[in-house]
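Read off the chains here:
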Amino acid sequence: MRRLISARLAGNLLLGIYGLLVIFHILVLAQVVPSSNVWGGQIGESPENLVALETTAIALTAFFAVIVAAKIGYIKAGRLRGAVNVLMWIVFAYSVLNIAGNLLSGAPAERLVFGPVSIVVAFLVFRLAVEK
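Residues numbered from 1 in each chain as written. Predicted model: local features only at pLDDT ≥ 70, side-chain atom pairs only at ≥ 80, totals over all residues. Heavy atoms only, no water.

You can see Leu-87 is positioned in helix α3 (residues 81-103). Excluding residues within four positions of it along the chain, Leu-87 makes contact with Phe-63 and Ile-67. (Helix = DSSP H or I, 4+ residues; strand = E, 2+ residues; numbered from the N terminus. Contact = heavy atoms within 4.5 Å.)

Printed below as a string of C-alpha cells:
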C-alpha cells in the first residue's frame with residue numbers, strides 16, 4: 001500500500017475531494033444543483049429537510065477534512081495524535097458505509113458518480129489510517 005501512494009499525496013487528494021464536496025453541498029443548499037441528486041432522492045420538497053441534511057453534510061465533510069489535515073501534519077495534533085489516528089479509522093468506516101449507500105441509492109447521480117468517488121475516498125482514507 002505504501003508503495004502505491006504516499007500518505008501525503010493521499011491526504012492532499014482527500015483534502016481536494018472534501019473541498020469539492022463542500023462546494024457541491026453548498027450548491028445543493030443554494031438549489032443550484034437539484035436535491036434529487038443527494039440523499040437517495042429522499043429530501044423531496046421540504047426546505048427544512050434540505051437545510052438540515054445539507055448543513056450536516058457540510059459540517060461532517062469539513063470535520064473529516066480537519067482530521068485529514070491533522071493526520072498529514074497541516075494542523076498540529078500534539079497530544080491528540082492518538083485521537084486523530086482513531087478518528088481516521090472511524091472516517092474509514094463511514095467511507096465504507098457511504099460506498100454502500102451511494103451504490104444502493106435511488107438517485108442515478110449517486111450511483112454513477114458518487115459511488116466511484118466514494119470508493120476512491122475509502123481507499124485514500126485507508127491509506128492514511130494505516131500510516132503511523
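Taken as a whole and judged by the stated rule, the model has 1 salt bridge. As a salt-bridge pair, Arg-127 and Glu-131 come within 2.8 Å of each other at their nearest N and O atoms. For Arg-127, a relative accessible area of 3% puts it in the buried group. (Salt bridge = Lys/Arg side-chain N within 4 Å of Asp/Glu carboxyl O. Buried < 20%, exposed > 50% of the residue type's maximum accessible area, 1.4 Å probe, protein only.)

Here the focus is a nonpolar patch on the surface. On the surface, a cluster of nonpolar side chains totalling about 380 Å² of accessible area is made up of Leu-20, Ile-23, Leu-27 and Val-32. Mapped onto the elements, Leu-27 comes out in helix α1 (residues 7-29). (Patch = residues over 30% accessible without salt bridge, like charges linked within 9 Å, V, L, I, M, F, W, Y side chains within 5 Å. Areas by Shrake-Rupley, 256 points an atom, 1.4 Å probe, with all protein chains shown as cover.)

A separate point is the packing of α1 against helix α4 (residues 108-130). Running from amino to carboxyl end, α1 crosses α4 at an angle of 140°, the nearest separation of the two axes being 9 Å. Here α4 runs oblique to α1, going by the angle between their axes. Seen from above, α1 lies across α4 with left-handed handedness. Of the residues in α4, those in contact with Ala-7, Ala-10, Gly-11, Leu-13, Leu-14, Ile-17, Tyr-18, Leu-21 and Phe-24 of α1 are Phe-114, Val-117, Val-120, Val-121, Leu-124, Val-125, Arg-127 and Leu-128. (Axes fitted to C-alpha atoms, helices over the stretch in contact; angles between N-to-C directions. Parallel < 35°, antiparallel > 145°, perpendicular 65-115°, else oblique. Left-handed = near helix turned anticlockwise from the far one by under 90°.)

Our next topic: the environment of Glu-54. Along the polypeptide, Glu-54 turns up in helix α2 (residues 47-71). Assessed through its relative accessible area of 0%, Glu-54 is described here as buried. When the C-alpha atoms of Glu-54 and Ser-36 are compared, they prove to be 12 Å apart, with 18 residues separating the residues in sequence.

On to α4, then. Its 23 residues place the ends of α4 32 Å apart at the C-alpha level, agreeing with the 33 Å of an ideal helix rising 1.5 Å per residue. A bend of about 40° at Phe-114 is the largest found in α4, and the proline Pro-116 appears one to four places after it. Residues Glu-110, Phe-114, Gly-115, Ser-118, Val-121, Ala-122, Leu-124, Val-125, Arg-127, Leu-128 and Ala-129 constitute the buried set of α4. Among the structural elements, α1, α2 and α3 are those in contact with the buried residues of α4. (Expected span 1.5 Å × (residues − 1). Bend = angle between axes of the 7 residues up to and from the residue.)

Any two aromatic rings considered together are summarised by their centre-to-centre distance and by the angle between their planes. Applying the stated rule across the entire model yields 6 aromatic pairs. With a centroid separation of 5.0 Å and an interplanar angle of 55°, the aromatic rings of Phe-24 and Phe-114 are classed as tilted. Of this pair, Phe-24 sits in helix α1 while Phe-114 sits in helix α4; the two residues are 90 residues apart in sequence, bridging distant segments of the chain. With a relative accessible area of 17%, Phe-24 lands in the buried category. (Phe/Tyr/Trp six-rings, centres within 6.5 Å; stacked < 30°, edge-to-face > 60°.)

On their own, these measurements won't tell you what the molecule is for.
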